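Listed below, chain by chain, are the residues.
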Amino acid sequence: MTVAQTIRSRIMAQGAGKRVRRAQIGLIYCAVQLESGSTGVAFTFPAQRSGQPCGAGLSGQGNLAGRDADQLVEHLGSEELVSSALGMAASNAVIAECFADPHALGGDILDHLDIREGDRICMVGCFLPVLERLGNLAVEVTTVDQVAKPGAEPAERVEQLLPESQVAIITGTSIINNTVDDILGLAAGCREVAILGPSTPLLADAFRDFQVRCLSGIRVDDPDAVFRIIGEGGGFRFFKDHTTKLNIRLD
């Protein structure tokens with residue numbers, strides 16, 4: 001099974017009994033909240049959606065509130081990116097309610113990775129705060145991204161860079177657009193493999209067969225604020241103060 005299929009298989013049964021209170025599709029992120037208050041978010045790929053029809057899939061139906069969460073979760077991995085993102089956000093909400101890990105650790109992801117002097121680190125997706133902190137270590141860092149960013153290599157360079165690396169830090173959005181399975185295959189020789197970002201599902205059981213060693217995501221603490229900011233087109237840097245970073249080791 002793919003990563004997306006594995007996540008769906010782990011949580012669909014629980015999602016069937018969880019009603020969606022509200023869903024929000026913003027310019028950069030979407031959010032789903034359950035009746036319990038548990039909330040998940042996911043990236044919506046604004047730069048990659050230009051070729052997809054407006055209102056396709058779940059995003060055009062307009063009646064997401066009141067559905068059982070599994071009806072959204074089943075769209076994780078869809079070719080239509082907003083539908084897949086809504087499936088990821090719903091998955092994160094179900095995980096927060098039903099699978100919260102009591103051993104999750106707070107703080108920055110780099111505090112939970114085995115990074116050694118001289119390591120080659122490949123970051124798939126550009127996380128500037130992490131990149132800045134890595135710049136203070138005696139390591140070699142390369143970033144690849146689908147979107148052109150200063151200092152980032154084109155996405156196709158990942159095929160050369162990841163197999164030569166000891167540490168892979170991979171964006172959780174790669175689950176949404178179905179690139180994560182190929183990326184994890186390229187990272188098979190890495191000592192440390194981490195999945196990072198607000199979209200990351202904190203469900204250790206879904207990643208044990210994929211050589212992932214660390215999951216780094218968020219818990220939404222103030223859903224009202226997060227919904228407001230996402231609805232106004234804001235990204236994570238605007239709603240991060242309303243969340244808590246959480247890290248899970250899979251050793």
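Located above this text is the structure these notes cover.
Quick look at the structure, then. Once a new chain begins, its residue numbering starts again from 1 and follows that chain's sequence as written. Only residues with pLDDT of at least 70 are given local features in this predicted model, and only at 80 or more are side-chain atom pairs given and counted; all residues enter the totals for whole chains, interfaces and linings. Heavy atoms from the whole structure form the basis of all side-chain values; hydrogens and water molecules are not counted.

**Overview of helix 1 (residues 3-15)**
So, point 1. Each helix is a run of H or I in the DSSP string that is no shorter than four residues. Each strand is a run of E no shorter than two, and both are numbered from the N terminus. Residue count minus one, scaled by 1.5 Å, sets the expected span of a helix. Taking 1.5 Å per residue as the helical rise, helix 1 with its 13 residues ought to reach 18 Å, and the 18 Å between its terminal C-alpha atoms agrees with that figure.
So, point 2. Along its length, helix 1 reaches its greatest deviation from straightness, about 35°, at S9.
So, point 3. Per-residue accessibility, obtained with a 1.4 Å probe over protein chains only, is compared with the maximum for each type, and a residue is labelled buried under 20%, exposed over 50%, and partly exposed between these values. When helix 1 is considered as a whole, its buried residues turn out to be V3, A4, T6, I7, I11 and G15.
So, point 4. Any two residues whose heavy atoms approach within 4.5 Å are treated as being in contact. Where helix 1 is buried, its residues meet helix 2 (70-73), helix 3 (81-98), helix 6 (173-176) and helix 7 (180-186). Bend, in this description, refers to the angle at a residue between axes fitted to the seven residues ending there and the seven starting there.

**Side note on unusual backbone geometry**
So, point 1. Residue F45 is not a glycine yet carries a positive backbone phi of 55°.
So, point 2. Among the structural elements, F45 can be located in the loop between strand 3 (39-43) and helix 2.
So, point 3. For F45, a relative accessible area of 3% puts it in the buried group.
So, point 4. Positive phi, normally seen in glycine, also occurs at N178, with a value near 65°.
So, point 5. Along the chain, N178 falls in the loop between helix 6 and helix 7.

**Re the pattern of salt bridges**
So, point 1. Salt bridges are defined by distance alone: a side-chain nitrogen of Lys or Arg within 4 Å of a carboxyl oxygen of Asp or Glu. Inspection of every chain in the model, using the stated rule, returns 17 salt bridges.
So, point 2. Residues R22 and D224 are paired through a salt bridge, measuring 2.6 Å at the closest nitrogen-oxygen approach. Of this pair, R22 sits in strand 1 (residues 20-25) while D224 sits in helix 8 (residues 223-231), and the two are 202 residues apart along the sequence.
So, point 3. Note on R22: relative accessible area 24%, which makes it partly exposed.
So, point 4. Residue R133 is joined to D108 by a salt bridge in which the shortest nitrogen-to-oxygen separation is 3.1 Å. Of this pair, R133 sits in helix 4 (residues 128-134) while D108 sits in the loop between helix 3 and strand 4 (120-124), and the two are 25 residues apart along the sequence.

**Points about the nonpolar core**
So, point 1. Grouped together as the largest cluster of nonpolar side chains are 53 residues, with contacts concentrated most on I7, L162 and F207.
So, point 2. At 10 residues, the largest contribution of residues to this core is made by helix 3.
So, point 3. Those residues within four positions of I7 in sequence are excluded, and the remaining contacts are L76, M88, S91, I175, P201, A206 and F207.
So, point 4. By size, the runner-up hydrophobic cluster in this structure holds 14 residues, among which are L113, F127, L134 and V167. Residues grouped as a nonpolar core are buried Ala, Val, Leu, Ile, Met, Phe, Trp, Tyr and Cys residues, joined through side-chain atoms within 4.5 Å.

**Quick word on the sheet that holds strand 4**
So, point 1. Two strands are counted as paired when DSSP detects at least two bridges linking them. Ordered in space as 6-5-4-7-8-9-10, the seven strands form an open sheet in which the pairing is mixed. Only two strands of the sheet have a single neighbouring strand rather than two, namely strand 6 (153-154) and strand 10 (243-249).
So, point 2. Pairing between strand 9 (residues 214-220) and strand 10: seven bridges, direction antiparallel. Among the inter-strand pairings, G217 is bridged to a residue of strand 10, identified as L246.

**Some thoughts on the environment of A90**
So, point 1. Examined against the element boundaries, A90 turns out to sit in helix 3.
So, point 2. Residue classification places A90 among the buried positions, given a relative accessible area of 0%.
So, point 3. Between the C-alpha atoms of A90 and V73, which are 17 residues apart in sequence, the distance is 5.7 Å.
So, point 4. Excluding its chain neighbours within four sequence positions, the residues that come into contact with A90 are V32, A69, L72 and V73.

**Focus on the packing of aromatic side chains**
So, point 1. Ring pairs are drawn from Phe, Tyr and Trp, using the six-membered ring of Trp, whenever the two centres fall within 6.5 Å, and their geometry is named by plane angle: stacked under 30 degrees, edge-to-face over 60, tilted for the rest. Applying the stated criterion across every chain, the model contains four aromatic pairs.
So, point 2. Measuring from ring centre to ring centre gives 5.7 Å for Y29 and F43, while their planes differ by 75°; the resulting arrangement is edge-to-face. With a gap of 14 residues between them, Y29 in strand 2 (residues 29-34) and F43 in strand 3 connect regions that are remote in the sequence.
So, point 3. Using a relative accessible area of 8% as the deciding quantity, one classes Y29 as buried.
So, point 4. For the ring pair F43 and F45, a centre distance of 5.1 Å and an interplane angle of 65° mean the geometry is edge-to-face.
So, point 5. One aromatic cluster is present, formed by Y29, F43, F45, F236 and F239 through successive ring pairs.
So, point 6. Seen from the ring of F227, R22 lies directly overhead, with NZ or CZ sitting 4.1 Å from the centre. Ring-over charges, as used throughout, are those where CZ of Arg or NZ of Lys falls within 6 Å of the ring centre and within 35 degrees of the ring normal.

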